[in-house]
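Listed here are the chains, written in short residue letters.
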Amino acid sequence: MSIQIKGTGCFVPEKVLSNQDLEKIVDTTDEWITTRTGIKNRHIAPEDMPTSDMALAAAKNALENAGISADDLDFIIVATSSGDHPFPSTACVLQGKLGMKKKCQCFDISAACSGLLYSLDTGANLLRGHKNYRYGLMIGAEKLSYLADWKDRATCVLFGDAASAVILEKVDDGSDESCLLATDLGADGSCVSLLLHPAGGTAIPVTAENVDTHENALNMNGPEVFKHAVPAMVSAAKTVLADANIPADRLRWVIPHQANKRIIDAVAARLDVTEDHVYVNIQNYGNTSAASIGLCLDELSRSGQLQKGDLVLATTFGAGLTWAAALIRW
Ligand code: ACO
């Protein structure tokens, strides 16, 4: 039996917020944002569009790409830090919106920007572990514009809204292969305070006061997160290459999490991978957290820049702190 990528999809809201637009909202400049992050534009979902609507659009896009229907799915995993509700899961909401007759298992994964790779790893193992499972849908969906502190220039310029989707298929072909040749996932819970959405849970319930002090908005120590991001992404990437015994010069694409162009460049340099093998779309979307890796995969696939058999290394990093890398055979 083998595990294969059957389809991909994405959804990006129509409204574009440019660096020039941000100059009118906070004390910033296009020059600062471009040179410090590589971001030019990000997309912002309308107020009345919850994360599940973006996930729904990405899911439909991926189902069409895979040529299967929602009722073929055996599970749905949504990776998100900005779900519709504290509970139930956005995956359950999505199943309802897909109008599925098959009541398959649905759950969310909270691993911030590492969420889609965590989901792919979990999804491949679900397919392996359940005899009758054939298809799984993994989504990374974020409405970070809702969590952002629009008065904090150090964070609000970084994030964008989007959803991406990957469908995995288990094929009974007598082999024992997986499109995920190797994965490496980790977390460091001693660094929780570096990047979090402090209020709104049981630790710090929302009050009128902490709404005023922006505690119910995303809070990040950017320079400290930066310091952790590069070594963690590089180490996870090197681990999967070593585990699969694949040298970096055989990679068609390296897809680093799109958080900051300077992080992307540092990761590529330390992996000794040249620019033409590193996929970058941060200029168009900003950091879309869990949606980021899938957005890159879908763009590469639909633009014909990925051929069957190509080797792709995705490596990512996010709140938690969490990190993950996956070596994928397309
Ligand atoms: N416009 C203009 N000036 C700014 C802005 C802005 N938007 N933001 C910060 N500055 C100023 C600061 O106030 C500071 O000024 P000072 O020197 O007078 O004090 C100066 O620019 C430098 O600020 P730094 O925070 O040191 O800037 P840095 O170069 O580190 O860039 C950034 C900040 C972009 C946030 C960077 O640290 C970064 O990308 N960090 C990693 C983010 C990341 O990877 N997150 C993980 C995933 S996110 C998730 O999981 C949801």
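Our subject is the structure that appears above.
If you're wondering where the values come from, they're calculated on a predicted model, not measured in any experiment.

Draft legend 1. Focus on the environment of Asp-172. Among the structural elements, Asp-172 can be located in the loop between strand 7 (162-171) and strand 8 (177-178). Between the C-alpha atom of Asp-172 and that of Lys-60, which follows or precedes it by 112 residues, the distance is 25 Å.

Draft legend 2. View of the side chain of Thr-37. Considering the arrangement of structural elements, one finds Thr-37 in helix 2 (residues 30-37). Residue classification places Thr-37 among the buried residues on the basis of a relative accessible area of 2%. At 2.5 Å, the side chain of Thr-37 and the backbone oxygen of Ile-33 are in polar contact. Apart from residues no more than four positions distant in its own chain, Thr-37 is found in contact with Trp-32, Leu-158, Asn-260, Lys-261 and Ile-282.

Draft legend 3. How the structure looks around the nonpolar core. In this structure, Val-157, Leu-251, Val-267, Leu-271, Leu-313, Phe-317 and Leu-327 are the most contacted members of the largest nonpolar core, which totals 45 residues. Sorting the residues of this core by element identifies helix 6 (144-147), helix 9 (222-244), helix 10 (261-271), strand 13 (311-318) and strand 14 (322-329) as the ones contributing at least two each. Here this core takes ten residues from helix 9, the largest share from any one element. Excluding residues that lie within four positions of it along the chain, Val-157 makes contacts with Leu-22, Val-26, Thr-28, Ile-33, Ile-39 and Arg-42. Ranked by size, the runner-up nonpolar core spans 31 residues in total, among them Ile-77, Tyr-133, Met-138 and Ile-293.

Draft legend 4. Up close: unusual backbone geometry. With an omega dihedral of 0 degrees, the bond running from Phe-87 to Pro-88 counts as a cis peptide bond. Relative to the helices and strands, Pro-88 resides in the loop between strand 4 (73-79) and helix 4 (90-98). Here the amide bond leading from Gly-320 into Leu-321 is cis, since omega sits at -10 degrees, within 30 degrees of zero. Backbone geometry at Ala-112 places phi at a positive 50 degrees, although glycine is not the residue there. Even without being a glycine, Asp-272 presents a positive backbone phi close to 60 degrees.

Draft legend 5. A look at the environment of Thr-51. With respect to the helices and strands, the residue Thr-51 is situated in helix 3 (residues 51-66). By relative accessible area, Thr-51 is classed as buried at 3%. Each C-alpha atom of the pair Thr-51 and Leu-94 lies 9.4 Å from the other, and the pair is 43 residues apart in sequence. Discounting chain neighbours no more than four positions away, the residues touching Thr-51 are Thr-80, Ser-82, Gly-83, Asp-84, Ala-141, Glu-142 and Lys-143. A polar atom in the side chain of Thr-51 sits 2.5 Å from the backbone oxygen of Ser-82.

Draft legend 6. Region of interest: the pairing of strand 14. By the criterion of burial, strand 14 is predominantly enclosed, with six of the eight residues buried. Alignment of strand 9 (residues 180-187) against strand 14, held across seven bridges, turns out to be antiparallel. Each bridged residue has a counterpart across the sheet, and for Asp-184 the counterpart in strand 14 is Ala-325. Looking at chain direction, strand 13 and strand 14 are connected through eight bridges and run antiparallel. Its bridge partner lying in strand 14, Val-312 is registered against Ile-328. From the end of strand 13 to the start of strand 14, which pair antiparallel, there are three residues, and Gly-320 there has a positive phi angle of about 145 degrees.

Draft legend 7. Layout of the environment of Ala-268. Here Ala-268 shows up in helix 10. A relative accessible area of 9% means that Ala-268 is categorised as buried. Through-space distance from the C-alpha of Ala-268 to that of Pro-256 is 8.3 Å; in sequence the pair is twelve residues apart. The contacts of Ala-268, once residues within four sequence positions are left out, are Val-273 and Val-278.

Draft legend 8. Geometry of the side chain of Glu-142. Structurally, Glu-142 can be placed in strand 6 (residues 135-142). Lacking a salt bridge, the buried Glu-142 has Lys-143 as its closest oppositely charged neighbour, with an N-O distance of 12 Å.

Draft legend 9. Main features of the packing of aromatic side chains. As enumerated under the stated definition, the model contains two aromatic pairs in all. Ring geometry for Phe-75 against Tyr-133: centres 5.9 Å apart, planes inclined by 35 degrees, an arrangement best described as tilted. Residue Phe-75 is found in strand 4, and its partner Tyr-133 is found in the loop between helix 5 (115-129) and strand 6; the two are separated by 58 residues along the sequence. Owing to a relative accessible area of 0%, Phe-75 belongs among the buried residues under this scheme. By relative accessible area, which is 17% here, Tyr-133 ends up buried.

Draft legend 10. Examining the site of the ligand more closely. Near the ligand lie 27 residues; those nearest to it are Thr-28, Arg-36, Cys-113, Asn-260 and Arg-262. In this structure, Arg-36 approaches the ligand through a side-chain N or O atom, which is 2.6 Å from an oxygen atom. At a separation of 2.7 Å, an oxygen atom of the ligand approaches a polar side-chain atom of Asn-260. Out of a free accessible area of 1000 Å², the ligand has 73% covered by protein chains. Elements with a minimum of two residues in the shell around the ligand: helix 2, helix 7 (153-156), helix 9, helix 10 and strand 13.

Cut-offs applied
Residues numbered from 1 in each chain as written. Predicted model: local features only at pLDDT ≥ 70, side-chain atom pairs only at ≥ 80, totals over all residues. Heavy atoms only, no water. Helix = DSSP H or I, 4+ residues; strand = E, 2+ residues; numbered from the N terminus. Buried < 20%, exposed > 50% of the residue type's maximum accessible area, 1.4 Å probe, protein only. Polar contact = N/O pair within 3.5 Å; in protein donor to acceptor, adjacent residues only side chain to side chain. Contact = heavy atoms within 4.5 Å. Core = buried A, V, L, I, M, F, W, Y, C linked by side-chain atoms within 4.5 Å. Pairing = 2+ DSSP bridges. Lys, Arg positive; Asp, Glu negative; His and termini not counted. Salt bridge = Lys/Arg side-chain N within 4 Å of Asp/Glu carboxyl O. Phe/Tyr/Trp six-rings, centres within 6.5 Å; stacked < 30°, edge-to-face > 60°. Near = heavy atom within 4 Å. Areas by Shrake-Rupley, 256 points an atom, 1.4 Å probe, with all protein chains shown as cover.

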